[in-house]
Amino acid sequence: MNLARIAALAHKEWREIVRDRLFLALAFVVPAALMLVFGYGLSLDVEHIPFAVVDHDRSALSRDYTHRFIDSRYFDYRGHVKSERELDPLLADSRIRFAIVVPPKFEENLMAGRPAAVQSLIDGTFPFRASTSKGYVIAINAAFNGELLAAYISRRFGVAPERAAALAQPVRVQLRYLYNQELKSTWSIATALVMLVLMVAPPFLTALGVVREKESGSIYNIYASTVTRGEFLAGKLLPYVGISIVNSLILWALATGLFGVPFKGDPLFFFLSSVIYVTCTTGIGLLASLIVRTQVAAMMLTVVMTIIPSVLYSGLLVPIASMDPQGQFEAHLFPAMYFTDIALGSFLKGVGLEQLWGKALALAIYAAVLWLISFALFHKRPRT
Amino acid sequence: MGEAAPLTPAPAVRVQGFGKRYRRQAAVAGVDLEVRRGEIYGLIGPDGAGKSSLMKAVAGVLAFEEGSIEMFGIRIDSEAAAERVKGRLGFMPQGLGLNLYPELSVEENIDFFARLRGVPAAEIAARKAKLLAMTRLDRFTGRPMKHLSGGMKQKLGLVCTLIHEPELIVLDEPTTGVDPVSRRDFWAILAELLREKGITALISTAYMDEAERFHRLSLMHGGRVLASGEPDAIRARTPGSVVELEAEPQVEALDRIQASLAQAESVGPRLRVFVDDAAPEAAVGTVAGLLKGLSLRDLHATTPDLEDAFVALLRRQRLVEERVVAKPRAGDGDPPGDDVAILAKDLTRDFDGFRAVDRASFTVHQGDIFGLVGANGAGKTTLIKMLTGILPPSDGEGRVAGADMHFAAQAIKARIGYTSQAFSLYQDLSVLENLRLYARIYGVARHAAGERIEQVAELTGLTGRERQLAGRLPLGIRQRLALACALVHRPRILFLDEPTSGVDPIGRRRFWDILVHLARVEQVAILITTHYMSEAEHCDRLALMHAGRIVADDPPAALKQALREEAGELLEVATDRPLAAMALLEQAGFAGVALFGRHIHLFARDAHTATREIQTILAGRGIGLASVTPRPPSLEDVFVYRITALEQGEQRL
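Numbering of residues begins from 1 in every chain and follows the order in which that chain's sequence is written. In the order they appear in the text, chains get letters beginning with A and ligands get numbers beginning with 1. Local features in this predicted model are restricted to residues whose pLDDT is 70 or higher, and side-chain atom pairs enter the listing and the counts only when it is 80 or higher, whereas totals over whole chains, interfaces and linings include all residues. The side-chain values count all of the structure's non-hydrogen atoms but skip hydrogen atoms and water molecules.

The name an unreviewed UniProt entry gives chain B is ABC transporter ATP-binding protein, with Zoogloea oleivorans as the organism.

Rules: UniProt positions are given in the numbering used here, feature names are shortened, and annotations may be inferred rather than shown by experiment.
You'll find chain A entered in an unreviewed UniProt entry as ABC transporter permease, with Zoogloea oleivorans given as the organism. Annotation of chain A in UniProt includes, under Subcellular location (unreviewed entry), the sentence "Cell membrane".

Below you can see the structure in the form of structure tokens.
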């Protein structure tokens with residue numbers, strides 16, 4: 001290894017990146033922008049669902065029932081309308097996403113001990129939102145039923161209302177959320193985004209940087225000179241690894257500063273893991289660049305190799321544990337999962353080297369394998 | 001050729017039985033050649049001849065299957081073996097400045113190459129200063145490479161290739177796409193640098209007229225070497241004479257000649273005929289005999305040039321495809337209406353404070369072939385864009401096919417045909433599908449389209465290839481397809497932007513046969529740009545562009561006459577030490593001194609006085625003088641003289 005040649009290559013690469021405004025933006029602006037866009041846009045919390053009420057009964061009990069929705073923080077009350085027909089246009093242009101229809105004789109039936117059916121209409125265009133909304137409706141309805149039952153027991157058996165409530169619900173659930181006490185999805189998402197962005201941006205940069213030389217023909221300067229394969233790969237990729245390390249710090253700052261994610265773990269361990277991770281993802285870009293000839297093809301291949309596995313198999317959307325065995329197996333093949341665990345552990349759980357060394361080692365092995373394959377694939381005297 | 005005497009060091013390059021295939025397609029086969037130390041060896045051939053594959057293999061950047069390559073006696077048969085010689089080698093790949101880094105400055109580019117090649121830091125500054133001074137790039141060291149002109153990029157590429165002082169340099173088409181002035185400059189600098197350090201060079205080019213720059217060369221075609229040796233020896237392989245004449249009517253004269261002699265073409269108003277195995281007088285007699293009864297003028301014989309020899313070699317080796325017959329058809333074409341096809345008056349185009357075209361005025365008549373020549377960036381493309389209605393002019397006016405270009409851009413587009421340098425057809429469609437597509441795009445009526453497509457296919461020699469995919473056609477035939485597509489809607493005017501770039505000489509001749517037929521028989525007006533000065537001779541009028549202005553606009557003969565009147569006679573000086581002689585003659589104040597292979601070209605008012613003067617100057621320094629011969633100036637001489645004069649004028653300002 002001739003360090004002067006590596007330095008010459010890295011220096012040249014760095015200057016090119018800095019002079020090319022588009023490339024520079026790609027290097028530093030795009031990762032932060034991705035973090036902001038996804039961080040604000042990909043909130044999985046379902047709150048403030050706009051809704052309207054049709055109350056055909058207009059009784060004390062129907063008012064009591066509908067107020068449970070109106071007072072909930074999960075729903076945004078947008079008013080009463082006279083009939084179901086007036087709901088259609090509201091639902092159609094998304095001014096409301098949920099409606100509740102109380103039938104006539106609601107109070108009369110209930111008081112007489114007959115069941116009453118309340119209709120709820122939920123906008124099903126986003127199944128995730130719809131099923132969450134359904135959960136809220138069922139919970140509010142169950143609470144109302146429980147109170148009705150408790151009131152009945154209290155009246156029927158002449159016990160105190162507290163005792164009646166306990167009789168009506170013999171088993172109660174006591175819930176406490178760990179690590180993310182308020183169950184803010186932003187915390188988990190911002191953490192996972194650090195993983196996602198560092199999976200996507202470095203390979204893109206690297207692949208474009210290498211393929212650009214192939215496309216223009218300047219790669220022949222390398223082929224025709226005495227620089228060795230290892231020197232070329234090291235010098236060429238050093239700036240990209242460096243940029244990605246800086247980006248990992250920027251993303252960390254955005255996660256903690258802007259999205260308010262707590263960082264409870266070991267900063268040094270997390271930083272070193274990030275360095276290993278970006279070395280690994282840079283290697284993915286390098287591999288992609290050696291397989292294809294044009295920048296367009298390089299971009300397509302990097303998308304396939306990075307975004308898809310890291311969204312599907314990192315635990316970002318679906319926890320690895322709840323995947324089928326085949327999915328779990330595939331998840332273990334991609335580096336995204338390991339770093340997701342490291343990031344979540346470091347940010348939210350406050351664990352470090354002791355618990356996560358295995359994951360960091362897996363990433364290091366992954367990086368080494370990628371770089372070795374690339375080294376083997378790169379030839380200074382190719383066949384075409 | 002290379003009869004190696006004992007004790008001579010191994011040749012710089014020895015190639016034996018070289019062959020390279022891509023997948024199953026053979027690009028090169030059976031190539032033998034030997035480059036001796038210190039010589040400039042040329043590979044000449046059109047695109048697709050296999051030059052690049054051979055050069056890359058020699059430079060050790062391409063693996064190959066057949067044969068062997070030795071460099072300085074070391075056999076290059078593996079990546080590791082190639083590494084062993086790379087330190088002694090410089091390689092410049094094809095493409096104008098494409099191996100340089102556009103965002104880096106001139107100096108940064110050179111520094112990078114120097115450090116990559118491990119040039120000692122102490123030496124970098126001195127070598128850089130010297131190379132920059134010789135290439136006259138020293139004023140532009142801080143300029144980003146992307147803002148250099150084509151010629152400057154090429155020179156920077158050369159500096160970067162030479163910075164580690166290699167023993168052998170491999171330059172792949174260094175002059176393609178560079179204007180004649182820059183080309184000449186490049187060759188002069190290269191010759192000087194190589195001589196000074198005793199560097200060996202292997203250089204490829206698609207320009208036949210650059211053959212004189214090489215000590216020895218190989219002519220390549222279709223992946224094979226047709227002939228190797230010194231330029232004169234290659235010419236001697238195809239004995240014969242070239243006869244030039246003017247004949248009236250030209251179309252009939254050409255038909256008569258082509259009936260019995262295969263190698264004949266019209267060059268502007270002249271005809272040029274190669275007569276096999278004939279001495280000059282006999283050749284003139286043969287041609288005169290064929291043209292009995294026609295009015296002939298200026299009938300004379302000249303020596304064949306390398307392009308003539310190349311075509312003759314191909315013909316003798318039966319590598320020529322069947323002749324394209326472009327016969328006139330009675331009643332074909334519209335009657336010529338308005339005689340003026342293009343009228344440009346003070347056409348001007350500004351881009352953000354930069355004037356790309358400056359008050360261009362000219363007229364093209366129906367049936368004229370109008371050539372536009374000039375360096376890259378002289379404004380040719382912008383001018384064509386305005387004339388074809390793609391770009392509105394900032395100032396001035398023009399009428400194209402009777403339509404005012406300010407108001408009727410759409411009408412203009414319907415009445416013209418346009419072929420760009422880049423292959424603009426659909427590669428995955430067949431010839432016929434491409435033609436049908438263009439017929440529909442231009443709104444040719446469905447019932448008329450079939451017949452018209454048949455006509456243009458016949459005219460451009462595509463009959464029989466209708467089912468072939470456009471992408472699979474050889475370059476020369478693809479360009480004819482592009483021309484056919486531009487002709488489908490019977491345009492009265494054709495715009496052709498470097499249509500023959502990279503096409504082999506035979507392909508170019510075919511192309512011009514068709515153009516001449518279109519102009520002479522169908523009265524189509526043709527506006528064409530080219531970098532081949534030999535092609536410019538075909539034009540009826542030639543406009544020379546420089547810095548957005550048209551600086552000359554005349555028939556080729558008049559341009560040459562004007563040069564004679566202005567600069568004097570063109571003399572070719574043959575000496576045993578051309579570079580030293582050149583410097584002396586320049587000092588002595590001769591105009592237009594330039595190196596042409598081993599000969600020197602210069603201008604002199606009076607040939608006799610000048611000859612005596614040259615004899616005295618060279619004898620004083622002990623330089624042997626073989627001959628001083630007056631030569632008719634070529635269009636390249638005109639171009640170089642005019643542009644150099646203009647550039648010198650600008651520098652004085």
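**Re unusual backbone geometry**
Residue and element names in this part refer to chain B. Stated precisely, the cut-off is as follows: Comment: elements are numbered from the N terminus, with helices defined as DSSP H or I runs of at least four residues and strands as E runs of at least two. Whether a residue is buried, partly exposed or exposed follows from its accessible area with a 1.4 Å probe, protein chains only, as a fraction of its type maximum: under 20%, in between, or over 50%, in that order.
The omega angle of the peptide bond from E248 to P249 is -5 degrees, so this bond is cis rather than trans. Tracing the sequence through the fold places P249 in the loop between β11 (240-248) and α8 (250-260). Positive phi, normally seen in glycine, also occurs at R23, with a value near 55 degrees. Along the chain, R23 turns up in the loop between β1 (13-22) and β2 (25-35). Relative accessible area serves as the criterion here: at 84%, R23 is assigned to the exposed category.

**Looking at helix α13 (residues 431-441) of chain B**
All names here are of chain B. Quick note on the threshold: The arc in question is the one spanned by the directions pointing from the helix axis to the C-beta atoms. The contact criterion used is simple: two residues touch if any of their non-hydrogen atoms lie within 4.5 Å.
Taken together, the buried positions of α13 are V431, L432, N434, L435, Y438 and A439. For α13, the arc enclosing every buried residue in end-on projection is 160 degrees, short of the 170-degree limit, so these residues lie on one face. Counted as exposed and oriented over 90 degrees from the buried face of α13: R440 and I441. Here the buried face of α13 lies against α14 (446-459) and α15 (475-487). One or two steps after α13, the chain reaches G443, where phi turns positive at roughly 65 degrees.

**Examining the packing of helix α4 (residues 121-134) of chain B against helix α6 (residues 180-197) of chain B**
Residue and element names in this part refer to chain B. Stated formally: Think of each axis as a best-fit line through the C-alpha atoms, taken over the contacting stretch in the case of a helix, with angles from 0 to 180 degrees between the N-to-C directions. Gly counts as polar in this scheme, as do all residues outside two lists: the nonpolar Ala, Val, Leu, Ile, Met, Phe, Trp, Tyr, Cys and Pro, and the charged Asp, Glu, Lys and Arg.
Interaxial distance between α4 and α6 falls to 10 Å at its minimum, and their mutual angle equals 145 degrees. On α6, the residues touching K130, L131 and M134 of α4 are I189, E192, L193 and E196. In the contact of α4 with α6, the residues fall into four nonpolar, no polar and three charged.

**Points about the UniProt feature "transmembrane region" (unreviewed entry) in chain A**
Per the UniProt record, "transmembrane region" (unreviewed entry) is annotated on residues 21-42, 187-211, 237-263, 269-292, 299-321 and 356-378 of chain A. Helix makes up 96% of residues 356-378 of chain A and strand 0%, whereas the separation of the span's terminal C-alpha atoms amounts to 33 Å.

**A short note on the pairing of strand β15 (residues 340-351) of chain B**
Residue and element names in this part refer to chain B. Which entries qualify depends on this criterion: A pair of strands is labelled paired if DSSP reports no fewer than 2 bridges between them.
In the sheet, β15 pairs with strand β16 (residues 354-365) via eight bridges, with the strands oriented antiparallel. Residue pairing in the sheet places I342 in a bridge with V364 of β16. Where β15 and strand β18 (residues 395-400) come together, five bridges link them in antiparallel fashion. Along β18, the bridge assignment pairs K345 with E397.

**Some words on the nonpolar core**
Considering soluble globular proteins, one finds that nonpolar side chains tend to be buried as a cluster. All names here are of chain B. Keep this limit in mind: In this text, buried Ala, Val, Leu, Ile, Met, Phe, Trp, Tyr and Cys residues form a nonpolar core when linked through side-chain atoms within 4.5 Å.
Grouped together as the largest cluster of nonpolar side chains are 106 residues, with contacts concentrated most on M71 and L219. Setting aside residues up to four positions removed in sequence, L219 forms contacts with I44, M208, R224, V225, L226, A227, I234, L306, F310 and L313. Listed in part, the 56 residues of the second largest apolar core include L473, A482, V524 and L635.

**So, the packing of aromatic side chains**
Rules: The criterion for an aromatic pair is that two Phe, Tyr or Trp rings (for Trp, the six-membered ring) have centres within 6.5 Å, with stacked assigned to planes under 30 degrees apart, edge-to-face to planes over 60 apart and tilted to the rest. Should the NZ of a Lys or the CZ of an Arg lie within 6 Å of a ring centre and within 35 degrees of the ring normal, that charge is described as sitting over the ring.
Using the criterion set out here, one finds 34 aromatic pairs over all chains in the structure. Ring plane angle 25 degrees and centroid distance 5.8 Å describe the contact between F270 of chain A and F339 of chain A, whose orientation is recorded as stacked. Here the residue F270 of chain A occupies a position in helix α11 (residues 267-291), and F339 of chain A occupies one in helix α14 (residues 335-349), the gap between them amounting to 69 residues. Taken individually, F270 of chain A and F339 of chain A each receive the classification buried, so the pair is uniform in this respect. Here F339 of chain A falls in the buried class, since its relative accessible area comes to 0%. Its guanidinium or amino end placed over the ring of F157 of chain A, R156 of chain A lies 5.9 Å from that ring's centre, counting from NZ or CZ. In this structure, R88 of chain B packs its charged tip against the face of F72 of chain B, placed 4.1 Å from the ring centre.

**Quick word on the interface of chain B and chain A**
To keep it simple, the criterion reads: The quantity reported as buried area is the accessible area (1.4 Å probe) lost by two parts once they are put together, taken as the sum for both. Here a salt bridge means any side-chain nitrogen of Lys or Arg lying within 4 Å of a carboxyl oxygen belonging to Asp or Glu. Under this definition, polar contacts are N or O atom pairs within 3.5 Å; protein pairs additionally need one hydrogen-donor-capable and one acceptor-capable atom, and for neighbouring residues in sequence, both atoms have to be side-chain atoms.
Counting from both sides, the interface comprises 32 residues of chain B and, opposite them, 30 residues of chain A. Carbon and sulfur atoms supply 54% of the area that chain B and chain A bury against each other, a total of about 2,900 Å² over both sides. The tally of links from chain B across to chain A stands at four salt bridges. For R15 of chain A, the salt bridge is made with E108 of chain B, and the minimal N-O distance between the two is 2.6 Å. For the pair chain B and chain A, the interface holds 15 residue pairs in polar contact (both at pLDDT 80 or more). Of all elements in the fold, only β1, α2 (79-86) and α3 (106-116) of chain B reach the threshold of two or more residues within the side of chain B that touches chain A.

**Considerations on the UniProt feature "domain: ABC transporter" (unreviewed entry) in chain B**
Per the UniProt record, the feature "domain: ABC transporter" (unreviewed entry) sits at residues 13-247 and 342-572 of chain B. Between the end C-alpha atoms of residues 13-247 of chain B the distance is 49 Å, and the span holds 33% helix and 29% strand.

**Looking at the sheet that holds strand β13 (residues 270-276) of chain B**
Residue and element names in this part refer to chain B. One open sheet accounts for four strands, arranged β12-β13-β11-β14; its pairing is antiparallel. The two strands at the open ends of the sheet, each matched to only one other strand, are β12 (264-267) and β14 (295-302). In this sheet, adjacent strand axes meet at a mean angle of 25 degrees when their direction is disregarded. Bridging between β12 and β13 involves four bridges; their strand directions are antiparallel. Each residue of the ladder has a partner; that of V267, found in β13, is R270.

**What to know about the sheet that holds strand β5 (residues 74-75) of chain B**
Residue and element names in this part refer to chain B. Overall, antiparallel pairing links the four strands, which are arranged β2-β1-β4-β5 in an open sheet. Because the sheet does not close on itself, it has two edges, and the strands there are β2 and β5. Here strand β4 (residues 66-71) runs beside β5; their pairing, made up of two bridges, is antiparallel. Bridged to M71 within β5 is I74. Each of β1, β2 and β4 is contacted by helix α1 (residues 51-58), which is oriented at about 120 degrees to β1, the strand it contacts most.

**A closer look at the packing of helix α1 (residues 3-19) of chain A against helix α2 (residues 21-41) of chain A**
Residue and element names in this part refer to chain A. To keep things clear, this is the line we draw: Oblique is the label for any angle not under 35 degrees, not over 145, and not in the 65 to 115 range, which are roughly parallel, roughly antiparallel and roughly perpendicular in turn.
Relative to each other, α1 and α2 sit at 95 degrees, their axes nearing to 5 Å. What the angle tells us is that α1 and α2 run roughly perpendicular. When α1 is examined against α2, the residues W14, I17, V18 and R19 are found in contact with a partner set consisting of R21, F23, L24 and F28. Residue classes in the contact of α1 with α2 are distributed as six nonpolar, no polar and two charged.

**Observations concerning helix α16 (residues 505-520) of chain B**
Rule in force here: To estimate how far a helix should reach, multiply one less than its number of residues by 1.5 Å.
For α16 of chain B, spanning 16 residues, the distance from its first C-alpha to its last is 22 Å, which sits close to the expected 22 Å at 1.5 Å a residue. Judged by how many residues are buried, α16 of chain B sits mostly within the fold: 15 of 16 residues are covered.

**Topic: the domain arrangement of chain B**
This is how it is decided: Domains are outlined according to an automatic or database domain assignment.
Per the domain assignment, the segments of chain B are domain 1 (13-233), domain 2 (239-303), domain 3 (340-554) and domain 4 (557-652). Each of domain 2 of chain B and domain 4 of chain B has a C-alpha centre, and these two points are 31 Å apart.

**Some remarks on the side chain of K56 of chain B**
Threshold: Lys and Arg are tallied as positive, Asp and Glu as negative. Neither His nor the chain termini are counted.
With respect to the helices, strands and loops of the structure, K56 of chain B is situated in helix α1. Buried and unpaired, K56 of chain B has D172 of chain B as its nearest opposite-charge partner, separated by 6.0 Å. For K56 of chain B, the side chain forms a polar contact with the side chain of Y220 of chain A, separated by 2.9 Å. With near-sequence residues (within four places) excluded, K56 of chain B lies in contact with Y220 of chain A together with V61, L62 and F91 of chain B.

**Structural notes on a positive patch on the surface**
As a reminder, the rule being used: Patch criteria: residues need more than 30% relative accessible area and no salt bridge. Like-charged residues are merged within 9 Å; nonpolar side chains of Val, Leu, Ile, Met, Phe, Trp and Tyr are merged within 5 Å. Note on areas: Shrake-Rupley with a 1.4 Å probe; residue coverage comes only from the protein chains shown. Each charge is placed at NZ for Lys, CZ for Arg, CG for Asp and CD for Glu.
Positive charge collects at one region of the surface, where R436, R440, R446 and R467 of chain B lie side by side. Take R446 of chain B: it is sitting in helix α14.

**Points about the side chain of R216 of chain B**
Residues and elements named next belong to chain B. Summarising the element assignment, R216 is placed in strand β9 (residues 216-221). Assessed through its relative accessible area of 5%, R216 is described here as buried. For R216, the side chain forms a polar contact with the main-chain oxygen of E34, separated by 2.6 Å. Within the local environment of R216, its side chain forms a polar contact with the side chain of E39, the two groups lying 2.7 Å apart.

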